[in-house]
Amino acid sequence: MKILVTGGAGFIGSNFIHYLFKKHSDYEIINLDSLTYCGNLENLKTIEDNPNYEFIKGDICDSGLVDQVVKDVDAIVHFAAESHVDRSILNATPFVRTNVLGTTNLLDAAQKHKKRFHYISTDEVFGSLGSQGYFKENSHYDPHSPYSASKAAGDHLVRAYFHTHRLPITITNCSNNYGPYQFPEKLIPLFVTNLLEKKKVPLYGEGLNVRDWLYVEDHCQAIDLVLHQGKIGETYCVGGNEEKTNLEITHKILEILGLGTEMIERVPDRKGHDQRYAIDASKIKKELGWEPEHKFEEALLKTVKWYQNNEEWWQRIKNKEYLNYYQKQYQEKK
Ligand code: NAD
Ligand code: TDX
């Protein structure tokens, strides 16, 4: 099977490419990624010489290129996105461009060449929960941030191509991921790497917002299952059933690193901060037999160790001017 992975140089995309080669060593994979600030070919160093792997530096909004690449593959697994909520609050335009126009461009090529299409989406499209209840496949769409609105547009377009053109699609809506190669602007890698540098960690508001955490390899396994066995036209919600407040996460990381709560810096809350995300993953469990293999405590420890052992990887990223610039600009705007 020949698979086009978009955004394969990012966090989940690169983990997925490693997962695919381990599980299906005979597969051919093309990675189409424009290498934005968070795309990093170092994530794929160990497989870059694999004869079944090809990297193409390119933008999913480039219709000529996308048409050429899509023509030659059996399936598309579409990860490429602008993915950080805080950045979307500062400037929504790149989110609409990549997540809406880029996705439409891929759908057009997939439809023209009649290819299988799997879209990686997020639980954030359903909005925010109170203390009760879970998101599931039939939850109402209620995206709150420019990021989640652009991802929701993607979900609707993917489904529209199924209904209108019978394009063979599936969608997964997943909760928060963590693990190796996550760009250190997201909660867990930002906090771990700050603490490894003995810097404080910026906790938004009271730190009581809840996320449902899933180790990235378990997400990759779910995507692989849906790609091969998912019912065409269907959506599957994926989550770890590991709800934690940001404060709990922070305390756990501090404990692993033997540091105290004086390392926490309370900063102004994120604008429009969603209170709680939680997934009911019973459909994918029941229909496809998926179960997350990693428990939060162990997998968080493994993740912290990965950042400890791969300091060169994140130091190169964190020292770049743009990250500091972005963080400063964001703090000033709040
Ligand atoms: P990421 O930001 O780490 O990686 C995104 C990748 O897409 C990067 O390699 C980047 O270079 C590439 N990219 C961006 N714009 C592009 C364009 N126009 N053309 C080609 N490539 C482009 O993101 P991630 O955290 O790995 O997320 C991957 C996908 O999973 C996204 O669609 C995101 O919405 C979804 N998702 C993420 C999470 C999470 O917790 N991180 C949870 C659920 C769903
Ligand atoms: O510095 C921080 N301080 C803080 O308190 C950061 C970066 C985050 N937070 C809080 C905000 C959230 O409640 O931590 C929580 C997690 O924040 P992020 O890591 O930015 O993730 P989130 O906004 O929940 O979105 C993530 O999960 C769903 C991904 O970034 C999305 O791509 C994915 O779709």
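The following paragraphs examine the structure supplied in this document. Numbering of residues starts from 1 in each chain and follows the order in which that chain's sequence is written. Lettering for chains starts from A, numbering for ligands starts from 1, and both go in the order in which the items are written. For this predicted model, a pLDDT threshold of at least 70 governs which residues receive local features, and a threshold of 80 or more governs which side-chain atom pairs are given and counted, while totals over whole chains, interfaces and linings are taken from all residues. To obtain the side-chain values, all non-hydrogen atoms of the structure were included, while hydrogens and water were left out.

With respect to empty space enclosed by the protein
Phase 1: Any residue with an atom within 4 Å of a point lines the site, the site being either a cavity, points on a 1 Å grid over the protein atoms alone where a 1.4 Å probe fits but cannot get out, or a pocket, an open set with protein on both sides within 12 Å along at least 5 of 7 lines. Grid points are joined across faces, edges and corners, and a volume is the space filled by probe spheres set on the points. Taken as a whole and assessed by the stated rule, the structure comprises 2 cavities of 30 Å³ or more.
Phase 2: Volume-wise, the largest cavity comes out at about 60 Å³.
Phase 3: Along its surface, the largest cavity is lined by Val 85, Glu 124, His 144, Ser 145, Arg 211, Arg 270, Lys 271, Gly 272, His 273, Asp 274 and Tyr 277.
Phase 4: The residue makeup of the lining of the largest cavity, split by class, is 2 nonpolar, 4 polar and 5 charged.
Phase 5: Reported here for the second largest cavity is a volume of approximately 30 Å³.
Phase 6: Taken together, Tyr 178, Trp 213, Leu 214, Tyr 215, Asp 218, Gly 240, Glu 242, Pro 292, His 294, Lys 295 and Phe 296 make up the full set of residues lining the second largest cavity.
Phase 7: The numbering of helices and of strands both runs from the N terminus, where a helix is a DSSP run of H or I of at least 4 residues and a strand a run of E of at least 2. It is strand 9 (residues 210-215) that provides the largest number of residues to the lining of the second largest cavity, a total of 3 residues. Each residue gets one of three labels, nonpolar for Ala, Val, Leu, Ile, Met, Phe, Trp, Tyr, Cys and Pro, charged for Asp, Glu, Lys and Arg, and polar for the others, Gly among them.

Some words on helix 7 (residues 216-229)
Phase 1: Under the 1.5 Å per step criterion, the end-to-end length of helix 7 is 20 Å for 14 residues, consistent within 8% with the ideal 20 Å.
Phase 2: Burial runs high along helix 7: 11 of the 14 residues are buried.
Phase 3: When we look at burial in helix 7, the residues that qualify are Val 216, Asp 218, His 219, Cys 220, Gln 221, Ala 222, Ile 223, Asp 224, Leu 225, Val 226 and Leu 227. Expected span of a helix, by definition, is 1.5 Å for each gap between consecutive residues, and there is one gap fewer than residues. A 1.4 Å probe rolled over the protein chains alone gives each residue an accessible area, and that area as a share of the maximum for its type sets the label: buried under 20%, exposed over 50%, partly exposed in between.

Some remarks on the sheet that holds strand 2 (residues 28-33)
Phase 1: DSSP bridges decide pairing: two strands pair if at least two such bridges lie between them. Read from one edge to the other, the open sheet built from 7 strands follows the order 3-2-1-4-5-6-10, with strand pairing classed as parallel. Of all strands in the sheet, those bounded by a partner on one side alone are strand 3 (53-57) and strand 10 (235-238). For this sheet the average axis-to-axis angle between neighbouring strands, irrespective of direction, equals 20 degrees.
Phase 2: Bridging between strand 1 (residues 2-6) and strand 2 involves 5 bridges; their strand directions are parallel. Paired with Ile 3 across the strands is Ile 29, a residue of strand 2.
Phase 3: Against the sheet, helix 4 (residues 93-113) makes contact with strand 1, strand 4 (75-78) and strand 5 (116-122), and its axis sits at roughly 165 degrees relative to strand 5, the strand it touches most.
Phase 4: The sheet strands contacting helix 7 are strand 1, strand 4, strand 5, strand 6 (169-174) and strand 10, and the helix crosses strand 5 at an angle near 145 degrees. Note on method: axes are straight lines fitted to C-alpha atoms, helices fitted across the in-contact stretch only, with angles between N-to-C directions ranging 0 to 180 degrees. Should any heavy atoms of two residues lie within 4.5 Å, those residues are counted as being in contact.

Concerning unusual backbone geometry
Phase 1: One non-glycine residue, Leu 35, adopts positive backbone phi at about 55 degrees.
Phase 2: In this structure Leu 35 comes out as partly exposed when scored by relative accessible area, which is 26%.
Phase 3: Phi is positive for Arg 166, which is not a glycine, with a value near 60 degrees.

A closer look at the sheet that holds strand 11 (residues 243-245)
Phase 1: Pairing within the open sheet is mixed, and its 3 strands lie in the order 7-9-11. Edge positions in the sheet fall to strand 7 (176-178) and strand 11, since each has one partner strand and no second. Shown here is a sheet whose adjacent strand axes are inclined to one another by a mean of 50 degrees, direction ignored.
Phase 2: Where strand 7 lies against strand 9, 3 bridges are found, and the strand directions are parallel.

Some details on the pairing of strand 10
Phase 1: What you see with strand 10 is no split at all: Thr 235 and Cys 237 on one side and Tyr 236 and Val 238 on the other are buried throughout.
Phase 2: By the bridge criterion, 4 bridges tie strand 6 to strand 10 in an arrangement that is parallel. If you follow Cys 174 over to strand 10, its bridge partner there is Val 238.

Quick word on the environment of Thr 46
Phase 1: Residue position: Thr 46 is located in the loop between strand 2 and strand 3.
Phase 2: The class for Thr 46 is exposed, based on a relative accessible area of 70%.
Phase 3: Residues Thr 46 and His 18 lie 28 residues apart in sequence; the distance between their C-alpha atoms is 8.9 Å.

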